[in-house]
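Overview (structure and organization)
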Amino acid sequence: VSTLQNGVSQTLAGTSGSFTPAAGTYLMSVAPVISNLDFPAAYQTLTVTAPPATFATWAANLESANSLAAGTISTPAADLDKDGRSNLIEYAFGTSPVIGNDPAPRMPAAQITATELVLQYQRDTSLTDLTFTAQACLTLGNWKAPGEVGAPTGFADTLISTNGSIQTRKATIPRASGSNCFMRVKIFRP
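Residues numbered from 1 in each chain as written. Predicted model: local features only at pLDDT ≥ 70, side-chain atom pairs only at ≥ 80, totals over all residues. Heavy atoms only, no water.

Considering the side chain of Arg169
Summarising the element assignment, Arg169 is placed in strand E9 (residues 166-174). Since its relative accessible area comes to 16%, Arg169 is described here as buried. Of the polar contacts made by the side chain of Arg169, one reaches the side chain of Asp157; its length is 3.4 Å. A polar contact is formed between the side chain of Arg169 and the side chain of Gln167, at a distance of 3.4 Å. Look past the residues within four positions of Arg169 in its chain and what remains in contact with it is Leu119, Gln120, Tyr121, Asp157, Thr158, Leu159 and Ile160. (Helix = DSSP H or I, 4+ residues; strand = E, 2+ residues; numbered from the N terminus. Buried < 20%, exposed > 50% of the residue type's maximum accessible area, 1.4 Å probe, protein only. Polar contact = N/O pair within 3.5 Å; in protein donor to acceptor, adjacent residues only side chain to side chain. Contact = heavy atoms within 4.5 Å.)

Written out as structure tokens, the structure reads:
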């Protein structure tokens, strides 16, 4: 048994109402009173999660935490730490835009196996303001997603594992095609 903390009571006028609690877990109770008659309360646990992070909130928080002028990190194409990764790429793959060459375990990594060209990367699904798309092309600049007309034969992007909100994905192209190829992960912020 625990003591109720920070109790909030709201009287509704009519048959509906709303409130906006902070993130956390609550015990919600509804106790109807109809024609001055008290009815038994119904209880239910309510879990409220924080809204998903966005590039703008991420940038603003880092600017504030590092005493930087507003807009220093919020420009997606800028590269404050001069490590060759734009601010949007730093956000997408969980690296720091203020520490140059921050270790990047989630950045895409290419490899060649006996049977495939492989591009493995990690995607944070909690970053709901981004779209991650594996792309490949036979001629540089003519990028295609898996299944798209003109994509290299056998090009696929598969989910390998999930750990919390982090997906490990693998884009592959069979080496049997005999063609040279380029692969990348396109990050798009609508």
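Thoughts on the side chain of Asn87
Among the structural elements, Asn87 can be located in helix H2 (residues 87-93). Look at Asn87 and you get buried, because its relative accessible area is 0%. Among the polar contacts made by the side chain of Asn87, one reaches the main-chain carbonyl oxygen of Ile73 at a distance of 3.0 Å. One polar contact links the side chain of Asn87 to the main-chain carbonyl oxygen of Thr75, over a distance of 3.0 Å. Ignoring sequence-local partners within four residues, the contact set of Asn87 consists of Phe55, Trp58, Thr72, Ile73, Thr75, Pro76, Ala78, Asp79, Leu80 and Pro97.

Focus on helix H1 (residues 55-65)
Of all the positions in H1, only Phe55, Trp58, Ala59 and Glu63 are classed as buried. One side of H1 carries all its buried residues, which in axial view fall inside an arc of 130°. Set apart from the buried face of H1 by more than 90 degrees, the exposed residues are Asn61, Ser64 and Ala65. Buried-residue contacts for H1 involve H2. Among the residues trailing H1, Ser67 stands out with phi positive, at a value near 50°. (Arc of directions from axis to C-beta.)

Focus: the environment of Ala78
Note that Ala78 resides in the loop between H1 and H2. Classification of Ala78 as partly exposed rests on a relative accessible area of 24%. Ala78 sits 19 residues away from Pro97 along the chain, and the two C-alpha atoms are 9.3 Å apart. Excluding its chain neighbours within four sequence positions, the residues that come into contact with Ala78 are Arg85, Ser86 and Asn87.

Focus: the pattern of salt bridges
Enumeration according to the criterion identifies three salt bridges in this entry. Salt-bridge contacts for Asp157 lead to Arg169; the nearest nitrogen and oxygen are separated by 3.4 Å. Of the two residues, Asp157 is situated in strand E8 (residues 156-163) and Arg169 in strand E9; the sequence distance between them amounts to twelve residues. On the basis of relative accessibility, which here comes to 21%, the residue Asp157 falls in the partly exposed class. Sharing partners across several salt bridges, the network here consists of Asp83, Arg85 and Glu90. (Salt bridge = Lys/Arg side-chain N within 4 Å of Asp/Glu carboxyl O.)

Brief notes about the nonpolar core
Judged by nonpolar contacts, the single largest core of 23 residues is most densely connected at Tyr91, Leu130, Phe132, Phe155, Val185 and Ile187. Elements represented by at least two residues in this core include exactly H1, H2, strand E6 (116-124), strand E7 (131-137), E9 and strand E10 (182-188). Examining the composition of this core, we find that four residues originate from one element, H2, more than from any other. Leaving out residues up to four positions away in the same chain, Ile187 has contacts with Leu88, Ile89, Ala92, Phe93, Leu130, Thr131 and Phe132. (Core = buried A, V, L, I, M, F, W, Y, C linked by side-chain atoms within 4.5 Å.)

Points about the sheet that holds E6
Pairing is antiparallel in the open sheet, where four strands are placed in the order E5-E6-E9-E8. Among the strands making up the open sheet, the edge pair consists of strand E5 (109-112) and E8. Neighbour-to-neighbour, the strand axes of this sheet turn through a mean angle of 20°, independent of strand direction. The sheet contact formed by E8 and E9 spans seven bridges and is antiparallel. (Pairing = 2+ DSSP bridges. Axes fitted to C-alpha atoms, helices over the stretch in contact; angles between N-to-C directions.)

Honestly, it's all geometry; don't read function into it.
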